[in-house]
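# Working through the structure, step by step
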Amino acid sequence: MALLLVSTPERQAVWGPVLAAAGHRMIAGEAAVTDPAEVTAIACWTPPADLGRYPRLRAVISVGAGVDQMPPLPPGVALSRTLAQGLEAMVRDWVVMATLMLARDMPCYLDQARAGLWQPRPVRPASAVRVGILGLGRIGRLAAESLGALGFPVCGLSQSGDPVPGVRVFGPDGLLDLAAQSDVLVCLLPLTSRTRGLLSTEVFARMPAGAGLVHAGRGAQLDMAALRAALDSGRLAHAVLDVTDPEPLPPDHWAWSHPRLVVTPHVAAQTDPAEGARHALAVMEALREGGPIPGLVDPGRGY
Ligand code: NDP
Ligand code: OXD
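All figures in this text were calculated on a predicted structure; none of them were measured in a lab.

## Regarding the nonpolar core
Counting residues in each nonpolar core, the largest one holds 32 residues, and the members touching the most others are I133 and L188. Among the elements that make up this core, the one with the highest residue count is helix α2 (residues 85–103) (9 residues). Aside from chain neighbours lying at most four places away, what touches I133 is G140, A143, A144, L147, V154, C155, G156, L157, L178, V186 and L188. The next biggest cluster of nonpolar side chains, apart from the first, holds 31 residues, and it includes L178, C187, L241 and L261.

This is the structure we're talking about:
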């Protein structure tokens, strides 16, 4: 049994000893594979094109939390996404930062600062800024907890509509109702066929005038032209994006210079190599012992 890691030399250097200490062999890169039948799992962002080369492959591990970049896998090969508390906390922190920026009109003050303009606006307490979180999974729940602790009233949307402490939860049919009650709408959804293009003109039209958007899900969930129109018309006051369509955003893209938009280059989180290695080790242990695979993705749901 061996894990093939198709990733950076930095990751390879950290993962090898972690796996070896638990008795698992790690192969660093496809060029180092001598016997493809040894490979039980492949960890990667996207897998090698010819997975048929590995007759005993049982799992592919995404080195990130998302799996939308993965192609369909052969029958019998499980897909696992990296579960990493440090990574999830990083995204939570970015969402709290971005929500506070919008609640305290930071894009507007950054724009005024460029013009040397000292022009105070009314300060809203957190209790007056309703936050709607799209996606109440591992990261959405963390964000809801922290924003709630800061005093923001929090609503959220999930596929199941299952209850979450301190959050008014909507099921997937409640998107427009949630949007109508969100002074800041936060997207933390996985990209699936159901969430592609979900941040649309229709959603922005339902949001309170002057509301804001915080987006850390995936770029293809956002209709960027609809966002531009909503910002230009004043329907939305401002937005902070960590993910865009396309990525990377070209240097001359309108979003870089829009006065009420702040863009960060998909850095809400980065997987710490040691944390990623611990997840891969947990998958290898599950394969060896026949236990449940951590971070198992449901191919039907796509997340
Ligand atoms: P989870 O799988 O734990 O949670 C996903 C949530 O989305 C669940 O609450 C799920 O509902 C809900 N959901 C899925 N589809 C729908 C739908 N059609 N309508 C309503 N709700 C839906 O994911 P994580 O919290 O770990 O991560 C979420 C995403 O964040 C990742 O997929 C990735 O795209 C993004 N991400 C971005 C990063 C960045 O750096 N910008 C870093 C890491 C992740 P239910 O609870 O009912 O299943
Ligand atoms: C991830 C990401 O999915 O960084 O981990 O976006």
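Past the structure itself, the notes keep going.
## Structural notes on the site of ligand 2
Ligand 2 sits among G64, A65, G66, L87, R218, H266 and A269. Contact between ligand 2 and A65: an oxygen atom at 2.7 Å from a main-chain N or O atom of the residue. Here G66 contributes a backbone N or O atom positioned 2.8 Å from an oxygen atom of ligand 2. Residue classes in the shell around ligand 2 are distributed as 3 nonpolar, 3 polar and 1 charged.

## So, helix α1 (residues 9–21)
The first and last C-alpha atoms of α1 sit 19 Å apart over 13 residues, in line with the 18 Å expected at 1.5 Å per residue. Taken as a whole, α1 carries its principal kink of about 25° at W15; the proline P17 stands between one and four residues after it. Inspection of α1 places R11, Q12, W15, G16 and L19 among the buried residues, and these make up the whole buried set. Packed against the buried residues of α1 are β1 (2–5), β2 (25–28), β3 (39–44) and α9 (273–289). Remark: G23 follows α1 within two positions and exhibits a positive phi of approximately 85°.

## Some remarks on the site of ligand 1
Neighbouring ligand 1 are 29 residues, the closest being R138, I139, S160, D242 and Y303. Separating an oxygen atom of ligand 1 from a backbone N or O atom of L136 is a distance of 3.0 Å. Contacts to ligand 1 include R138, whose backbone N or O atom sits 2.9 Å from an oxygen atom. At the level of elements, α2 and α4 (138–149) are the ones that each hand at least two residues to the shell around ligand 1. Here the shell around ligand 1 is composed, by residue class, of 15 nonpolar, 8 polar and 6 charged.

## Regarding the side chain of S80
Counting through the fold element by element, S80 comes out in strand β5 (residues 78–81). With relative accessibility at 0%, the residue S80 sits in the buried group. A polar contact is formed between the side chain of S80 and the side chain of H279, at a distance of 2.8 Å. Residues in contact with S80, not counting those within four places in the same chain, are V60, I61, S62, H279, V283, I293, P294, G295 and L296.

## Description of the environment of L176
Structurally, the position occupied by L176 is in helix α5 (residues 175–180). Classification of L176 as partly exposed rests on a relative accessible area of 22%. Between the C-alpha atoms of L176 and A84, which are 92 residues apart in sequence, the distance is 31 Å.

## Structural notes on the side chain of T195
Tracing the chain through its elements places T195 in the loop between β9 (184–187) and α6 (201–206). The exposure class assigned to T195 is buried, which follows from its relative accessible area of 9%. Looking at T195, its side chain comes within polar contact range of the main-chain oxygen of P190, at 2.7 Å. Polar side-chain contacts of T195 include one of 3.4 Å to the side chain of Q221. Once residues within four sequence positions are removed from consideration, T195 is found in contact with L189, P190 and Q221.

## Re the pattern of salt bridges
With the rule as written, the count across this model stands at 11 salt bridges. In this structure, the salt-bridge partner of E88 is R138, at a minimum N-O distance of 2.6 Å. Of this pair, E88 sits in helix α2 while R138 sits in helix α4, placing them 50 residues apart in sequence. By relative accessible area, R138 is classed as partly exposed at 37%. Among the ionic pairs, R288 bridges to E285, the shortest N-O distance being 2.8 Å. Taken together, the residues span about one helical turn, with R288 and E285 both in helix α9 at a distance of 3 residues. Since its relative accessible area comes to 23%, E285 is described here as partly exposed.

Conventions adopted
Residues numbered from 1 in each chain as written. Chains lettered and ligands numbered in written order. Predicted model: local features only at pLDDT ≥ 70, side-chain atom pairs only at ≥ 80, totals over all residues. Heavy atoms only, no water. Core = buried A, V, L, I, M, F, W, Y, C linked by side-chain atoms within 4.5 Å. Buried < 20%, exposed > 50% of the residue type's maximum accessible area, 1.4 Å probe, protein only. Helix = DSSP H or I, 4+ residues; strand = E, 2+ residues; numbered from the N terminus. Contact = heavy atoms within 4.5 Å. Near = heavy atom within 4 Å. Polar contact = N/O pair within 3.5 Å; in protein donor to acceptor, adjacent residues only side chain to side chain. Nonpolar A, V, L, I, M, F, W, Y, C, P; charged D, E, K, R; others polar. Expected span 1.5 Å × (residues − 1). Bend = angle between axes of the 7 residues up to and from the residue. Salt bridge = Lys/Arg side-chain N within 4 Å of Asp/Glu carboxyl O.

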